[in-house]
Amino acid sequence: GEKVEQHESTLSVREGDSAVINCTYTDTASSYFPWYKQEAGKSLHFVIDIRSNVDRKQSQRLIVLLDKKAKRFSLHITATQPEDSAIYFCAASRDNYAQGLTFGLGTRVSVFP
Amino acid sequence: GGIITQTPKFLIGQEGQKLTLKCQQNFNHDTMYWYRQDSGKGLRLIYYSITENDLQKGDLSEGYDASREKKSSFSLTVTSAQKNEMAVFLCASSPTGQGYEQYFGPGTRLTVL
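Residues numbered from 1 in each chain as written. Chains lettered and ligands numbered in written order. Predicted model: local features only at pLDDT ≥ 70, side-chain atom pairs only at ≥ 80, totals over all residues. Heavy atoms only, no water.

Asker: Sorry, what's going on with the overall build of chain B here?
Answerer: Across its full length, chain B holds zero helices and eleven strands. Listed N to C, the secondary structure of chain B is β-β-β-β-β-β-β-β-β-β-β in terms of helices and strands. Against the 2.2 N^0.38 benchmark of 13 Å for 113 residues, chain B shows a C-alpha radius of gyration of 13 Å, consistent with a compact globule. Here the C-alpha coordinates of chain B stretch approximately 40 × 25 × 25 Å along the principal axes. Scored against the burial criterion, the 113 residues of chain B give a buried share of 52%. Across chain B, every contact between residues at least 6 apart in sequence was considered, and the portion connecting residues at least 24 apart equals 54%. (Helix = DSSP H or I, 4+ residues; strand = E, 2+ residues; numbered from the N terminus. Rg over C-alpha atoms; globule rule 2.2 N^0.38 Å. Buried < 20%, exposed > 50% of the residue type's maximum accessible area, 1.4 Å probe, protein only. Contact = heavy atoms within 4.5 Å.)

See the structure below:
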């Protein structure tokens, strides 16, 4: 089955700088790559996703890059703010009907002043 | 908008006990999921269901049963709780065929004594 590796377990960034989280996957059939955020004491909520028909997607301060050849995707949080502090999970699934997601282990992002 | 509710919020059981967790959603979503979140192991898929009375096993289904009695509810049963087990069980739902964003409930925290 699919395996998703999230390369950074923790990330500490100064407010206003960018944070980058990198993930790799193993299943060449995977074509959907969402990111979820989990704030302290709360459940996960969706932040952004990318499908395999594009290699870049931006939503406000979030940019996702996808390199299918390297089976790698990344989340860039630009101009970080204190409210960006959370655990971020990358995930992958195949693009056929409904599938559960395979998650990475999460990256704890801390934004300091 | 909609909401996912999970009951109970906290569940304390004894070794060998059968324990049931419940999830309800009012998004009118077709697909529902159960994930287990362990510290240091990320989220792992236990079961999912693409419609009422459908069940699909995830990577972690051994030791669990699930039931999708109606579209809005999805139950998970721990068939025999393991001593010292501690985890958070997250229920999610998504609108099949319209994109794959999953909406997560607040979780049930299980402790086995």
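Asker: What is the right way to read the sheet that holds strand 3 (residues 19-25) of chain A from this model?
Answerer: Whenever strands of a sheet pair, they do so through backbone hydrogen bonds, lying parallel or antiparallel. Residue and element names in this part refer to chain A. Taken in spatial order, the five strands make up an open sheet running 1-3-8-7-6, and their pairing is antiparallel. Only two strands of the sheet have a single neighbouring strand rather than two, namely strand 1 (4-6) and strand 6 (56-59). Strand-to-strand twist across the sheet, computed as the mean angle between neighbouring axes with direction ignored, equals 15 degrees. As paired elements, strand 7 (residues 62-67) and strand 8 (residues 72-77) share six bridges and run antiparallel to each other. (Pairing = 2+ DSSP bridges. Axes fitted to C-alpha atoms, helices over the stretch in contact; angles between N-to-C directions.)

Asker: Just checking my understanding: could you explain the pattern of salt bridges for this structure?
Answerer: A pair can form between side chains of opposite charge whenever their charged atoms are brought close. Applying the stated criterion across every chain, the model contains eight salt bridges over all chains. Across the salt bridge formed by A:D67 and A:R72, the nearest N and O atoms sit 3.4 Å from each other. Given the relative accessible area of 29%, A:D67 is considered partly exposed. In this structure A:R72 comes out as partly exposed when scored by relative accessible area, which is 40%. Two residues, B:R44 and B:D38, come together in a salt bridge whose shortest N-O distance is 3.0 Å. Its relative accessible area of 27% is what places B:R44 among the partly exposed residues. Residue B:D38 is classed as buried on the basis of its relative accessible area, which comes to 11%. (Salt bridge = Lys/Arg side-chain N within 4 Å of Asp/Glu carboxyl O.)

Asker: Would you explain the sheet that holds strand 7 (residues 64-70) of chain B in this entry?
Answerer: All names here are of chain B. Strand order across the open sheet formed by four strands is 1-3-8-7, with antiparallel pairing between neighbours. Strands at the two margins of the open sheet, each flanked by one partner only, are strand 1 (4-7) and strand 7. Averaged over all pairs of adjacent strands, the angle between their axes in this sheet comes to 15 degrees, without regard to strand direction. Relative to strand 8 (residues 73-78), strand 3 (residues 19-25) is paired through six bridges, and the arrangement is antiparallel. Bridge pairing in strand 8 links T20 to T77.

Asker: Please explain the nonpolar core as it appears in this structure.
Answerer: The tendency in soluble globular proteins is for nonpolar side chains to be buried side by side. Core analysis: the largest hydrophobic core is formed by 24 residues, its most contacted members being A:I21, A:F33, A:W35, A:I48, A:F73, A:L75 and A:Y88. At the level of elements, strand 2 (10-14), strand 3, strand 4 (30-38), strand 5 (44-51), strand 7, strand 8, strand 9 (86-94) and strand 11 (107-112) of chain A are the ones that each hand at least two residues to this core. With 21 residues, the next largest nonpolar core counts B:L11, B:I46, B:C91 and B:V112 among its residues. (Core = buried A, V, L, I, M, F, W, Y, C linked by side-chain atoms within 4.5 Å.)

Asker: Help me understand the state of the cysteines, please; the structure alone is not making it clear to me.
Answerer: The term disulfide refers to a covalent linkage connecting the sulfur atoms of a pair of cysteines. Residue and element names in this part refer to chain A. Counted according to the given criterion, the structure contains two disulfides over all chains. With a sulfur-sulfur separation of 2.0 Å, C23 is cross-linked through a disulfide to C90. Taking the sign of the S-S torsion, about -100 degrees here, the bridge from C23 to C90 comes out left-handed. Of the two residues, C23 sits in strand 3 while C90 sits in strand 9, which places them 67 residues apart along the sequence. Residue classification places C23 among the buried positions, given a relative accessible area of 0%. Residue C90 is classed as buried on the basis of its relative accessible area, which comes to 0%. (Disulfide = S-S within 2.5 Å.)

Asker: Explain the interface of chain A and chain B to me, please; I cannot follow it from the model alone.
Answerer: By a widely used convention, the size of an interface equals the accessible area lost when the partners come together. Each partner contributes residues to the interface: chain A has 18 residues there, and chain B has 20 residues. At the boundary of chain A with chain B, total buried surface from both sides reaches about 1700 Å², with 58% on carbon and sulfur atoms. Viewed at the interface, chain B and chain A are joined by zero salt bridges. Put simply, chain A and chain B have four residue pairs in polar contact (both at pLDDT 80 or more) between them. Looking at the side of chain A that touches chain B, the elements with two or more residues in it are strand 4 and strand 5 of chain A. (Buried area = accessible area lost by both parts, 1.4 Å probe. Polar contact = N/O pair within 3.5 Å; in protein donor to acceptor, adjacent residues only side chain to side chain.)

Everything listed is a geometric property; what it means functionally is a separate question.
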